[in-house]
Amino acid sequence: MKTFYIGIFLLLSGNLLAQDSLKTVTAEKGDGVLSLLRKQGINPYEAYESFIQLNIDNLRDSVHLYEGRDYLVPRVVLDTVPVVDSIQEQTKKIKEIEAMTVSIFGEKHEKVLSKSERLKGAVYYLVSGHGGPDPGAMAVYKGKSISEDEYAYDITLRLAKELMAHGAQVYIIIRDENDGIRDERILEIDRDEVAYPDKKIPLNQVARLKQRVEIINKLYKKNKGKYQRLIVTHIDSRSQGQNIDVFFYHHEKSKNGKKLAENIHRTFQKKYKKYQPNRTYSGTFEDRTSLYLVKKTHPAMTFIEIGNIKNKKDQKRILVPDNRQALAKWISEGVLQDFEQE
């Protein structure tokens, strides 16, 4: 990881940008943040974070646009030193925001802007389900095969980026150096995932789970004395007609694991109540010690099932990139709440 600094315009009054002089655009039906920025001729990956910061109070789930509302469009974000003098000449000052380059997120998403240090000192192990020779649950969407491991991995990367932005130390246990965070609905299936740091993933299920347990427990021992948590992300496979909400498992004897699961679960309840008031959230959190990773790993942990990959409603939750981002953000908010209760 390489640390660098990004210059962001600040008025002397302390506002993020001179909002009065910024262009506004009205969100149309079907618009997401990325597509709206593209329509304005702006590289959406360079301007995404600035757009979110400018419009945070006018977004659903902190990432979704409201049709018919006006949104501020950021100027091009500057990331080079030579612009400092010209900015100062315009009676603006530069605020230096520390950021990291994390290559595993992919070229378009590799810059991780520091949002806070709320998770400083915390260590998280993130495991996305299956991977390597095992794609996990499978389904077909518009004639294309889709697999559990690709979508669980994308959500896990997005979660990792959120946690890192708040100062956490994050280990991504299942890794694919080629994929990164992807903004497509159909995520192509491959078999080149490895286990941290670069171990081949076994085909045999027991061997595969044992490998993950050994990696996590070894890292847990290495980080002894630190606040450590494990988050495992899966996507379920049930009958096509069964729509399920996100739900959580923990070890029956782990108070900290239960608290982590409960905090994330509570966050989802609040989000559903706010954004879908006419729909009851039926996701649960409960002990499930029979699961191998729940039973064998040492850190307090939660095991998350995102939805049913075969159900059409759940597919929308999984396939839409903005929804995957919202899921990651909601989980991160529950994680933040959990850590700050220590």
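Residues numbered from 1 in each chain as written. Predicted model: local features only at pLDDT ≥ 70, side-chain atom pairs only at ≥ 80, totals over all residues. Heavy atoms only, no water.

Participant: Mind showing me how you'd approach the overall build of the protein chain here?
Facilitator: Within the protein chain, the secondary structure is distributed over 9 helices and 16 strands. Within the span of the protein chain, comprising 342 residues, buried residues form 55% of the whole. Considering only contacts in the protein chain between residues 6 or more positions apart, those separated by 24 or more positions represent 74%. As presented, the protein chain carries roughly 16,600 Å² of accessible surface, and 48% of it is formed by carbon and sulfur atoms. (Helix = DSSP H or I, 4+ residues; strand = E, 2+ residues; numbered from the N terminus. Buried < 20%, exposed > 50% of the residue type's maximum accessible area, 1.4 Å probe, protein only. Contact = heavy atoms within 4.5 Å. Areas by Shrake-Rupley, 256 points an atom, 1.4 Å probe, with all protein chains shown as cover.)

Participant: Is there a simple way to explain the pattern of salt bridges in this structure?
Facilitator: Oppositely charged side chains can pair when the atoms bearing their charge come close. For the structure shown, the criterion picks out 18 salt bridges. Of the charged contacts in the structure, one is a salt bridge between Lys144 and Glu188, with a shortest N-O distance of 3.4 Å. Of the two residues, Lys144 sits in strand β8 (residues 144–147) while Glu188 sits in the loop between β10 (174–175) and β11 (194–195), which places them 44 residues apart along the sequence. In this structure Lys144 comes out as partly exposed when scored by relative accessible area, which is 36%. In this structure, Arg175 and Glu177 form a salt bridge, with 3.6 Å as the shortest nitrogen-oxygen distance. The class for Arg175 is buried, based on a relative accessible area of 16%. (Salt bridge = Lys/Arg side-chain N within 4 Å of Asp/Glu carboxyl O.)

Participant: Help me understand the nonpolar core, please; the structure alone is not making it clear to me.
Facilitator: Note that soluble globular proteins tend to have their nonpolar side chains buried in a common cluster. Core analysis: the biggest nonpolar cluster contains 49 residues, and Phe105, Tyr124, Leu163 and Phe268 have the highest contact counts within it. At 9 residues, helix α4 (residues 148–165) tops the list of elements feeding residues into this core. If near-sequence neighbours (up to four positions away) are discounted, Leu163 is found in contact with Leu119, Tyr124, Leu126, Ala168, Val170, Ser332 and Val335. By size, the runner-up hydrophobic cluster in this structure holds 20 residues, among which are Tyr125, Tyr171, Ile174 and Tyr249. (Core = buried A, V, L, I, M, F, W, Y, C linked by side-chain atoms within 4.5 Å.)

Participant: What should I look at first to understand the environment of Thr297 in this one?
Facilitator: Positionally, Thr297 belongs in the loop between α7 (292–296) and β16 (300–308). Accessibility expressed as a relative area gives 9% for Thr297, which makes it buried. Through-space distance from the C-alpha of Thr297 to that of Ile216 is 6.8 Å; in sequence the pair is 81 residues apart. From its side chain, Thr297 meets the backbone oxygen of Leu293 in a polar contact 2.5 Å long. (Polar contact = N/O pair within 3.5 Å; in protein donor to acceptor, adjacent residues only side chain to side chain.)

Participant: Please clarify how the pairing of β8 should be interpreted in this entry.
Facilitator: Moving residue by residue along a regular strand, the side chains alternate between the two faces of the sheet. Judged from the 4 bridges that link them, strand β7 (residues 138–141) and β8 form a sheet pairing that is antiparallel. Bridging across to β8, Ala139 finds its partner in Ile146. As consecutive antiparallel partners, β7 and β8 are separated by 2 residues, and within that stretch Lys142 has a phi angle of approximately 50 degrees, a positive value. (Pairing = 2+ DSSP bridges.)

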